[in-house]
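A closer look at the structure
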Amino acid sequence: MSIPSRNYVLTSAPGKVILFGEHAVVHGKLAMAASIDLRTQVHLHINNDAVSLNLKNLSKSFSWNQNQLRELYKRYGQRKDNSTEFLPVLNNELLEEIKQSVLTDWSSDNPAQMASLLFIYYCVYIIYSVHGVVGVNCDIISSIPTGAGLGSSAAYATSLSAACLYITSKISSSNLSSYDLSLINDCAFIGERIFHGNPSGIDNSVSCHGGIVLFNEQKTHPITATSMPILIINSNVTRNTRLLVETVGELLQRCPTIFKPIMESIQAVVQVAVDVLQHSSDDNKKYQQLIDLCRINHNLLNAIGVGHPSLDDIHSICQSKGLANKITGAGGGGCSLVFLPAAHHSAIESELTAVMNSRGYKVIKTSIMGNGVQIHTH
């Protein structure tokens, strides 16, 4: 098989924090999320060798013979042609065949296995639709911790989608148009469905577009706000996003008259937060409002069963120090978000970090409003 002229690409995409609106967004309500300055890089290279995936941060490497994937392409791949049109779809039969015939010791709880599943799916469904069965080498490097609610799977899916679409010329330029971003986002959402079952789509949308966005029902609305320093506190308690989303859905079925008002209250928090972040000019008043909103949103998430003792411990410590803090992401462990005041003092930050480290938590300093997906061709 001849190697195409466009045979290498480097892409990157950011992680995210959900500022307000977790879980309610799955049920059609508004959520507010922001990209952060932690990113996942994908180095994708087409060659005549095997198909390989190197997950640098997990210290895992996998390799598959081209013949293992040829039959999958014959049975499930899109028609090979030179058209630039591409329709992202989720083919469950292809997914099951990959799990059974290509991956060994399959487990949906294994991040490396999930990453492999998505990589092979994109190879068969995107790359092979243009280049036929070729060797593909993919190196993944990420500064986003996995299983922590910071959008690591969405950053991977977004960056990998961009790489596959660019190397097959479905995207014509590294200067991404609104159409290109929409296509990348649609493909990344397929990846998020593979990872999480019934995701809202907010993670891949933020990773794709960057900045701060309002999101509901697959629609994003960017909002104008200034960058803010934040701390992300990782409880180091792993959790399963898919299971937590399903558990919340089951609560809706059991207690709809209680559950629905909670969702409305979470949406009201989001709406007030938009006004605070966009229009409040008094920094002290703005920060006090953020403290109130974080406390309310945190406890509403506890009410629907996605809290965790470690997250309540972090919240209690932050509240005692007058800091705005809440669960971010799916909950059940994972991460907690701390907004830092505009005039925050390094002494406060250092003291908080020391306390959190002493309790076994990891503190990550970053900021919101990072760039969205990027193609760095060289």
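In this text, all values refer to a predicted model and were calculated from it rather than measured experimentally.

**Focus on the sheet that holds strand β11 (residues 362-367)**
A sheet is described by the order of its strands in space; here 4 strands give the open sequence β9-β10-β8-β11, paired in antiparallel fashion. Two strands in the sheet have a free side with no partner beyond their single neighbour: β9 (324-328) and β11. This sheet shows a mean twist of 25° between the axes of neighbouring strands, independent of strand direction. Those strands touched by helix α9 (residues 283-303) are β9 and β10 (335-339), and its axis lies near 30° from that of β9. Of the strands in this sheet, β8 (229-234), β9 and β10 are in contact with helix α10 (residues 309-320), which crosses β9 at around 165°.

**Some words on the environment of Gly210**
In this structure, Gly210 sits in the loop between α6 (202-209) and β6 (212-216). Given a relative accessible area of 8%, Gly210 falls into the buried group. Linking Gly210 and Met114, residues 96 residues apart in sequence, is a C-alpha distance of 24 Å. In contact with Gly210, other than residues within four places in its own chain, are Ser35, Ser205, Gly370, Asn371 and Gly372.

**So, the layout of surface pockets**
Its boundaries defined by the atoms lining it, the largest pocket holds a volume of some 1100 Å³. Sorting the residues of the lining of the largest pocket by element identifies β1 (8-20), α3 (111-131), β5 (135-142), α4 (152-167), α5 (178-196), α6 and α7 (241-254) as the ones contributing at least two each. Looking at side-chain class alone, the lining of the largest pocket contains 19 nonpolar, 20 polar and 8 charged residues. Estimates place the volume of the second largest pocket at around 200 Å³. Taken together, 13 residues make up the lining of the second largest pocket; nearest its centre are Asp283, Tyr287, Leu340, Pro341 and Ala342. In terms of residue count, the dominant contributor to the lining of the second largest pocket is α9 (5 residues). When the residues that make up the lining of the second largest pocket are grouped by side-chain class, the tally is 8 nonpolar, 3 polar and 2 charged.

**Things to note about the pattern of salt bridges**
Tallying each qualifying case throughout the model produces 10 salt bridges. The closest approach of N and O atoms between Glu349 and Lys365, which form a salt bridge, is 3.3 Å. On the criterion of sequence distance, the pair formed by Glu349 in helix α11 (residues 346-358) and Lys365 in strand β11 is long-range, its members being 16 residues apart.

**Looking at the side chain of Lys99**
Here Lys99 is to be found in helix α2 (residues 92-101). A distance of 3.1 Å separates a polar atom in the side chain of Lys99 from a polar atom in the side chain of Glu96. Beyond its immediate chain neighbours, meaning those up to four positions away, Lys99 contacts Trp106 and Leu117.

**Considerations on the nonpolar core**
Here is a general trend for soluble globular proteins: nonpolar side chains tend to be buried in one another's company. Core analysis: the largest hydrophobic core is formed by 64 residues, its most contacted members being Leu19, Phe20, Met32 and Phe339. Ignoring any residue separated from it by four or fewer positions in sequence, one finds Phe339 in contact with Leu19, Phe20, Met228, Pro229, Ile230, Tyr287, Leu290, Cys294 and Ala324. Trp64, Leu118, Ile120 and Leu160 belong to the second largest nonpolar core, which has 59 residues in total.

Conventions and cut-offs
- Residues numbered from 1 in each chain as written.
- Predicted model: local features only at pLDDT ≥ 70, side-chain atom pairs only at ≥ 80, totals over all residues.
- Heavy atoms only, no water.
- Pairing = 2+ DSSP bridges.
- Helix = DSSP H or I, 4+ residues; strand = E, 2+ residues; numbered from the N terminus.
- Axes fitted to C-alpha atoms, helices over the stretch in contact; angles between N-to-C directions.
- Contact = heavy atoms within 4.5 Å.
- Buried < 20%, exposed > 50% of the residue type's maximum accessible area, 1.4 Å probe, protein only.
- 1 Å grid on protein atoms, 1.4 Å probe; cavity = no way out; pocket = protein on both sides within 12 Å on 5 of 7 lines; lining within 4 Å.
- Points joined across faces, edges and corners; volume = space filled by probe spheres on them.
- Nonpolar A, V, L, I, M, F, W, Y, C, P; charged D, E, K, R; others polar.
- Salt bridge = Lys/Arg side-chain N within 4 Å of Asp/Glu carboxyl O.
- Polar contact = N/O pair within 3.5 Å; in protein donor to acceptor, adjacent residues only side chain to side chain.
- Core = buried A, V, L, I, M, F, W, Y, C linked by side-chain atoms within 4.5 Å.

Any functional reading would require information beyond the geometric quantities listed.
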